[in-house]
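Observations on the three-dimensional arrangement
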Amino acid sequence: MYNIEQLKMFAYAVELGSFSASARRLGKVQSAVSQGISNLEIDFNTTLFDRSTRKPTLTREGEQIYKQVKAIIMQVEDLNVMVNAINDQQEGLIRLALDDSLLVPNLSPILKEFSAHFPATEVELIACTTTEVNPFVQQEKADIGLMFTDLAFDAGSEPCFIGHLPFVAVCHPNHPLACVPEAKLPDLLPHRQLMLRGDKGKLMDQFPLIAGKVWWSNSFIVIKEMLLGSDIGWAYLPEHLVRDEIDKKQLVEINIAFDHKTWSPPVDLILSKTKNKGPALKWLEHGLKSLLD
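In short, a report on the structure. All residue numbers refer to positions counted from 1 along the written sequence of the respective chain. Per-residue local features of the predicted model are confined to residues with pLDDT of at least 70, and side-chain atom pairs are confined, for both listing and counting, to 80 or more; whole-chain, interface and lining totals are unaffected and use all residues. Side-chain metrics in this entry use all non-hydrogen atoms of the structure; hydrogen atoms and water are not considered.

1. Details of the environment of Trp-215
Looking at the secondary structure, you find Trp-215 in strand S9 (residues 214–217). When checking whether two residues touch, look at their non-hydrogen atoms; a contact exists if any pair is within 4.5 Å. Excluding anything up to four places from it in sequence, Trp-215 contacts Arg-192, Gln-193, Leu-194, Met-195, Met-226 and Ile-232. For helices the rule is a DSSP run of H or I covering at least 4 residues; for strands it is a run of E covering at least 2, with both sets numbered from the N terminus onward.

If you want it as structure tokens, here you go:
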């Protein structure tokens, strides 16, 4: 009966172009590879290579079998990765809860590097409002969280300040505020403000309510889409979320008189004080600390 070593001999011979190259890859002598492939042909009862030329080429049957052999080798390699991860006590799943405004460009490279270090660990991204992140971590619905700093933070969690996220005030090009050179408080008050509000109607400490008329959402992405579609109001939105639309003149950045510098609320990374940290969670905690660098 054939084994995984013989399947690798065959696959490497196909991919590297010769039996000798396959032998070098596997650290074996060429005769061992030749014999291994011959044994495969006996087990499969078919000819895998046409040896009538100087360079062996796959037969039609060999081409069909190679596809299956490659899939088997990949599955075995994945199994080995999983077994090694279990032996190293790596977590099978890490759940990251975050406000959708914190889906910043740096997140994908961090997660890609994480996947290279922990290929057997699954990641679940849970998009929610800032006010929901801490309860998710406390209730063990998430292992780690990213949220805007809560001034009345729960003592059961462990916050770590990781930086500030820049916000800008924006509106539709047809909105009256789009043509105001410098918007002062009296200019803003008459116009509807679109605001973020979390579960149970909880407002976030860091987000200023200015206008008398307000529409609410639990997602900055939803607010952005509302502003893109009409001149129903204005809002503070994460700069990274709207920069392309501002550059394309699909949205207009409002020059707020009292924002001498870009408004940038603080962001925390949080974990439960009682949860044990495995190697994957420790790595991700360290990696996410550079999210806003």
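After presenting the structure, the write-up continues.
2. Overview of helix H10 (residues 279–288)
Because the α-helix completes a turn every 3.6 residues, residues three or four places apart line up on one side. The element H10 is largely enclosed, with a buried count of seven among its ten residues. Residues of H10 that are buried include every one of Ala-280, Leu-281, Trp-283, Leu-284, Glu-285, Gly-287 and Leu-288, and no others. Those residues of H10 hidden inside the fold are in contact with strand S3 (93–99), helix H5 (107–117), strand S5 (144–148), strand S6 (157–164) and strand S12 (266–272). Burial classes follow relative accessibility: with a 1.4 Å probe on protein chains only, a residue under 20% of its type's maximum area counts as buried, one over 50% as exposed, and anything between as partly exposed.

3. A few points about unusual backbone geometry
One non-glycine residue, Asn-45, lies in the positive phi region at around 55°. Although it is not a glycine, Glu-140 adopts a positive phi angle of roughly 60°. Mapped onto the fold, Glu-140 is located in the loop between helix H6 (130–138) and S5.

4. Quick notes on the packing of aromatic side chains
For Phe, Tyr and Trp, where Trp contributes only its six-membered ring, two rings pair if their centres lie within 6.5 Å, and the inter-plane angle classes them as stacked under 30 degrees, edge-to-face over 60, or tilted in between. Throughout the structure, instances matching the rule amount to ten aromatic pairs. Ring centres 5.2 Å apart and planes at 75° place the aromatic pair Phe-19 and Phe-49 in the edge-to-face group. Of the two residues, Phe-19 sits in helix H2 (residues 19–26) while Phe-49 sits in strand S1 (residues 49–50), which places them 30 residues apart along the sequence. For the pair formed by Phe-19 and Phe-49, the shared burial category is buried. An aromatic cluster of three or more residues is present, and its members are Phe-148, Phe-167, Phe-220, Trp-234, Tyr-236 and Trp-263.

5. Thoughts on the pairing of strand S4 (residues 122–128)
The side chains of a regular strand alternate between the sheet's two faces. At least two DSSP bridges between two strands are required for those strands to pair. Looking at chain direction, S3 and S4 are connected through seven bridges and run parallel. Bridge pairing in S4 links Leu-96 to Leu-125. Handedness of a crossover: with both strands directed away from the viewer, a clockwise path from the first strand across the helix to the second marks it as right-handed. At this point the chain moves from S3, through H5, to the parallel S4, and the crossover so formed is right-handed.

6. Remarks on helix H8 (residues 220–229)
Inspection of H8 places Phe-220, Ile-223, Lys-224 and Leu-227 among the buried residues, and these make up the whole buried set. Buried positions in H8, seen along its axis, are confined to an arc of 100° and lie on one side of it. Pairing of N or O atoms within 3.5 Å defines a polar contact, subject to two protein rules: one partner must be a possible hydrogen donor and the other a possible acceptor, and residues neighboring in sequence count only if both atoms are side-chain atoms. Taking the backbone nitrogen of Ile-221 as reference, a side-chain oxygen 3.2 Å away marks Ser-219 as the first, capping residue of H8. Note that the arc is computed from the directions linking the helix axis to the C-beta atoms.

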